[in-house]
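Observations on the three-dimensional arrangement
These are the residues of each chain, in order.
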Amino acid sequence: MPHITRIPPIKLILDKDRFNILLDVLNYNEFNSKIEATIINAKKLKNKLLRYSIPREDENGNVYIDVRFYNNEISEVVFQFIEFNKGKDILVDYYTVLLKVREARKQENKNEE
């Protein structure tokens, strides 16, 4: 039976700076997080990105990196960024905003009935 290659469905095209930022976040979390699962996942993602990302150059000489993720991996990337930013000052309490928006939607739905 031939080997079937599955290409991850989520594709990001990053310039060198953004690729470095992504890897820097993962590296930071790997060595500074207090949560074991975050450390393990950061290390896995970092190793995967360094192994499977494809550097490319366009016709104008611009360098970019083709990065692919499966659904569970991209959600972990989002979590890694949230973990990285934990402890930073929050200027707006978006949870309160969420509650207000949801209440307004409930009222809209009641008015439509």
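This write-up is about the structure you can find in this document. Computed from a prediction, not measured in an experiment: that's the story for all the values here.

Quick look at the nonpolar core now. A general feature of soluble globular proteins is that nonpolar side chains tend to end up buried together. In this structure, Leu14, Phe19, Leu22, Leu23, Leu26, Ala42, Leu45, Leu49, Ile65, Val67, Phe69 and Val77 together form the largest nonpolar core, which totals twelve residues. Where this core is concerned, the elements lending two or more residues are α1 (16-32), α2 (36-52) and β3 (63-69). Beyond its immediate stretch of four places on either side in the chain, Val77 contacts Leu22, Leu45 and Phe69.

So, on to the packing of aromatic side chains. Under the criterion given, the structure shown has one aromatic pair. Relative to Phe84, the ring of Tyr28 lies with its centre 5.2 Å away and its plane at 90°, an arrangement referred to as edge-to-face. Placement of the pair is Tyr28 in helix α1 and Phe84 in helix α3 (residues 71-85), with a sequence separation of 56 residues.

What follows is about a positive patch on the surface. On the surface, Arg102, Arg105, Lys106 and Lys110 cluster together to form a positively charged patch. Its location among the elements puts Arg102 in helix α4 (residues 94-112). With relative accessibility at 49%, the residue Arg102 sits in the partly exposed group.

Let's shift gears to the pattern of salt bridges. Scanning the entire structure with this criterion turns up seven salt bridges. Notably, a salt bridge pairs Asp66 with Arg68, separated by 3.8 Å at the nearest N-O pair. A relative accessible area of 7% means that Asp66 is categorised as buried. Its relative accessible area of 30% is what places Arg68 among the partly exposed residues. Through salt bridges with shared partners, a single ionic network connects Lys11, Arg56, Asp66 and Arg68.

Conventions and cut-offs
- Residues numbered from 1 in each chain as written.
- Predicted model: local features only at pLDDT ≥ 70, side-chain atom pairs only at ≥ 80, totals over all residues.
- Heavy atoms only, no water.
- Core = buried A, V, L, I, M, F, W, Y, C linked by side-chain atoms within 4.5 Å.
- Buried < 20%, exposed > 50% of the residue type's maximum accessible area, 1.4 Å probe, protein only.
- Helix = DSSP H or I, 4+ residues; strand = E, 2+ residues; numbered from the N terminus.
- Contact = heavy atoms within 4.5 Å.
- Phe/Tyr/Trp six-rings, centres within 6.5 Å; stacked < 30°, edge-to-face > 60°.
- Patch = residues over 30% accessible without salt bridge, like charges linked within 9 Å, V, L, I, M, F, W, Y side chains within 5 Å.
- Areas by Shrake-Rupley, 256 points an atom, 1.4 Å probe, with all protein chains shown as cover.
- Salt bridge = Lys/Arg side-chain N within 4 Å of Asp/Glu carboxyl O.
- Lys, Arg positive; Asp, Glu negative; His and termini not counted.
- Charge placed at Lys NZ, Arg CZ, Asp CG, Glu CD.

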